[in-house]
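Working through the structure, step by step
Each chain, letter by letter, is given below.
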Amino acid sequence: MIELIPAIDLIDGKCVRLTKGEYDSKKIYNEDPVSQAKEFERLGFKRLHMVDLDGAKSKHIVNDAVLRAVTEATSLVVDFGGGIKTAEDIEKAFDAGATMVTLGSIAVTNPELCEEWIKKYGADRIILGADVRNGKISINGWKEDSAEDLIPFLEHYIKLGVKNVLCTEISKDGTLAGPAVELYEQIMARWPQLHLIASGGVSCNDDIKRLEQSNIPAVVFGKAYYEGRIDVASLRSE
């Protein structure tokens, strides 16, 4: 079965969702991330994807206290991303209880440091964040597009041992327009061993089923859950 990973995106310590990464599209869904994480755990989820949107914008971790509160209050396996740029940031994330960290911008701007972290912490604890817009990797809270093309970017890090990739099609994110299934199929056809986490555009149970039928290993969803479009009981019973 496809791995189901709910998401909590943080701004000012609150659970929010954006549309296409645009900060002025912010909508607050829960002012208490800990209660939201507990609810995910109660529903039977084992994993949680947390994104420090303040951190992504500020280029350093901001919401590590929220991460710590969630990991202390639940037994969820938490992967955490947003603003991890320095050794201090990554240590702060792990110290606050993250099982894994998602590295996006830094993988573009400082690949040597990323390689060092893969060796130091192990590929199992690193998720490569591949946030794509018009075929290019976006960085710094999706405010900038880099010159990096998706496939060579992935290839570089997979050769270094990366096993986990979170791929977000930015044009889909927060739109409830359906996920970029063909893009994920192309990636899996090239690297069938990859633990690919599809992100962006999920609107309902059927979208998740489509990803599962395409043998995509995992999916992150946020807005569809918060908007009541996903039937969790049905998902978990299938």
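Scroll up to find the structure.
Residues numbered from 1 in each chain as written. Predicted model: local features only at pLDDT ≥ 70, side-chain atom pairs only at ≥ 80, totals over all residues. Heavy atoms only, no water.

1. A few points about the overall build of the protein
- Secondary structure assignment for the protein yields 11 helices and 12 strands.
- The globule rule puts the C-alpha radius of gyration for 238 residues at 18 Å, and the 16 Å found for the protein is close to it.
- Seen along its three principal axes, the alpha-carbon backbone of the protein occupies a region of about 45 × 40 × 35 Å.
- Within the protein, the proportion of its 238 residues that are buried is 57%.
- Long-range contacts, defined as pairs at least 24 residues apart, comprise 65% of the intrachain contacts of the protein with a sequence gap of at least 6.
- Total accessible area on the protein is roughly 10000 Å²; 46% of this is exposed by carbon and sulfur atoms.
- Taking the average location of the 29 positive side-chain charges in the protein and that of its 38 negative ones, the two points are 1 Å from each other. (Helix = DSSP H or I, 4+ residues; strand = E, 2+ residues; numbered from the N terminus. Rg over C-alpha atoms; globule rule 2.2 N^0.38 Å. Buried < 20%, exposed > 50% of the residue type's maximum accessible area, 1.4 Å probe, protein only. Contact = heavy atoms within 4.5 Å. Areas by Shrake-Rupley, 256 points an atom, 1.4 Å probe, with all protein chains shown as cover. Lys, Arg positive; Asp, Glu negative; His and termini not counted. Charge placed at Lys NZ, Arg CZ, Asp CG, Glu CD.)

2. Some details on the packing of aromatic side chains
- With the rule as written, the count across this model stands at eight aromatic pairs.
- On the basis of an interplanar angle of 65° and a centroid distance of 5.5 Å, the ring pair of Phe153 and Tyr157 is categorised as edge-to-face. Of this pair, Phe153 and Tyr157 both sit in helix H7 (residues 150-159), four residues apart, which is roughly one turn of that helix.
- Residue Phe153 is classed as buried on the basis of its relative accessible area, which comes to 2%.
- Each ring, one from Tyr225 and one from Tyr226, has its centre 5.3 Å from the other, and the planes form 75°; the classification is edge-to-face. (Phe/Tyr/Trp six-rings, centres within 6.5 Å; stacked < 30°, edge-to-face > 60°.)

3. Overview of the nonpolar core
- Counting 71 residues, the largest nonpolar core has Met50 and Leu154 as its most contacted members.
- With near-sequence residues (within four places) excluded, Leu154 lies in contact with Leu128, Ala130, Val165, Ile187 and Trp191.
- The next biggest cluster of nonpolar side chains, apart from the first, holds eight residues, and it includes Ala7, Met100, Leu166 and Ala218. (Core = buried A, V, L, I, M, F, W, Y, C linked by side-chain atoms within 4.5 Å.)

4. Observations regarding the pairing of strand E12 (residues 218-221)
- Residues Ala218 and Val220 of E12 are buried on one face, and the alternating residues Val219 and Phe221, pointing to the opposite face, are buried as well.
- Across four bridges, the pairing between strand E1 (residues 3-11) and E12 is parallel. Looking across to E12, one finds that Ile5 is bridged to Val220.
- The pairing of strand E11 (residues 195-199) with E12 spans three bridges and is classified as parallel. From the neighbouring strand, Ser199 faces E12, where its bridge partner is Val220.
- Read from E11 through helix H9 (residues 205-213) to E12, the crossover connection turns out right-handed. (Pairing = 2+ DSSP bridges. Right-handed = clockwise from strand over helix to strand, strands pointing away.)

5. Examining helix H6 (residues 111-121)
- Those residues of H6 lying buried are Leu113, Cys114, Trp117, Ile118 and Tyr121. Angular distribution of buried residues about the axis of H6 spans 145°; they occupy a single face of the element. Residues of H6 that are exposed and point over 90 degrees away from its buried face: Glu112 and Lys119.
- Contacts made by the buried residues of H6 are with helix H4 (87-95), strand E6 (100-103), helix H5 (105-109), strand E7 (126-133) and H7. (Arc of directions from axis to C-beta.)

6. With respect to the environment of Gly13
- Residue placement: Gly13 occurs in the loop between E1 and strand E2 (14-19).
- Residues Gly13 and Val62, 49 residues apart in the sequence, show an inter-C-alpha distance of 9.0 Å.
- Residues within four places of Gly13 in sequence aside, it is in contact with Glu31, Pro33, Asp54, Asn63 and Val66.

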